[in-house]
Amino acid sequence: MTRWLAVPVVALIALAMGALGMLGDPATWGVDAWSYWSYDPTHPYAIGVWGTRGAYQYAPPFAQALMPLQSVPWDWFLLGWTVLGSAALVWLTGWLSVPLALAPMVTREVWYGNVHLLMAAAVVAGFRRPWAWAFVLLTKVTPGVCLLWFVARRDWRSLRVALGATAVVAAVSWLVAPWLWSEWVAVLADLSSRGGSQVAALQLGTLWLRVVVAGAVAYGAGLAGLRWPVAIAVVIALPSVWFHGLSIVVALVPLAVMDRRDPLPAMVSRARPRWTTGRRAPRSARAPGAPPA
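Residues numbered from 1 in each chain as written. Predicted model: local features only at pLDDT ≥ 70, side-chain atom pairs only at ≥ 80, totals over all residues. Heavy atoms only, no water.

1. So, the layout of surface pockets
What the second largest pocket holds in volume is close to 250 Å³. Residue lining of the second largest pocket: Trp91, Leu92, Ala121, Ala122, Val124, Ala125, Arg128, Arg129, Trp131, Ala132, Pro254 and Met258, and that is the complete set. Of all the elements, helix H7 (residues 116-126) adds the most residues to the lining of the second largest pocket, at four residues. Taken together, the residues of the lining of the second largest pocket break down into ten nonpolar, no polar and two charged. (1 Å grid on protein atoms, 1.4 Å probe; cavity = no way out; pocket = protein on both sides within 12 Å on 5 of 7 lines; lining within 4 Å. Points joined across faces, edges and corners; volume = space filled by probe spheres on them. Helix = DSSP H or I, 4+ residues; strand = E, 2+ residues; numbered from the N terminus. Nonpolar A, V, L, I, M, F, W, Y, C, P; charged D, E, K, R; others polar.)

Quick look at the structure:
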């Protein structure tokens, strides 16, 4: 429990660096969190230009979940959101979060108030509780390709839970406000036509190429029995790779620990030698002096 004492320390580091102008314009505090508080509840996608202040781009369930918080004054919402991001970092890395908070991409993430650290927490939790992947699928969407890790592991139950939880949340959301889904699909179609955001700080290739690469990384990690590469795959698959989006890599710390404490076997071919199907084994395959099968 003492590790939670690091939460205010992490938050204060980010706020101090931002207030001192070390992260650019001090007025940018909560520039991403503003989109989660200020949107129009009936038409959250009214600001459709990706990267514009106040533009909300995530799936409807996220907006519907945050809707009650719009009654909270902006300053209190921003403070709470900053603490939430800091808490996600502490949950992932414990007291190591204090030096990690000095990393520029982590500090900017807490300062701007995006969901990257929450996504990192969902990815780590998703290996134990697959339903947590619903958060990833209903926010940034494309990193959901990393579910190929479960495909490689032949872990169909976890895959069903992850996709089923997402489907249930989406279904309830659609029943409440079906028009929001058509608006959101239009936003995704526009983003897809542009190959991803063109205003991101980092351009690492077209969106769909990165999704393919991320899927290959996740699938290969599953075959190898490794969890930590999935954190890298999630970053690669982000629809827009902003600099503070790199903060997701903090998930490497708990995932590497998980791989060490609970190692998984590599997925090897289950093909059996031909002679195990009833045929006589070739002479070279029998032990010396063994009688014919």
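Further notes follow.
2. Considering empty space enclosed by the protein
Under the criterion given, the structure shown has one cavity of 30 Å³ or more. Here the largest cavity is characterised by a volume of approximately 40 Å³. The wall of the largest cavity is formed by Trp81, Gly85, Glu109, Val110, Gly113, Asn114 and Leu117. Elements supplying a minimum of two residues to the lining of the largest cavity: helix H4 (74-93) and helix H6 (104-112).

3. Looking at the confidence of the model for the protein chain
Caution is warranted with low-pLDDT regions, since their predicted coordinates should not be read in detail. Confidence in the prediction for the protein chain averages 84 pLDDT; 83% of positions are at 70 or higher. The low-confidence segment residues 195-201, where pLDDT is below 50, has 20 contacts with residues more than four positions distant or belonging to other chains. Ignoring residues within four places in sequence, the model shows residues 281-288, a span with pLDDT below 50, making seven contacts including any to other chains. (pLDDT = per-residue confidence, 0-100. Contact = heavy atoms within 4.5 Å.)

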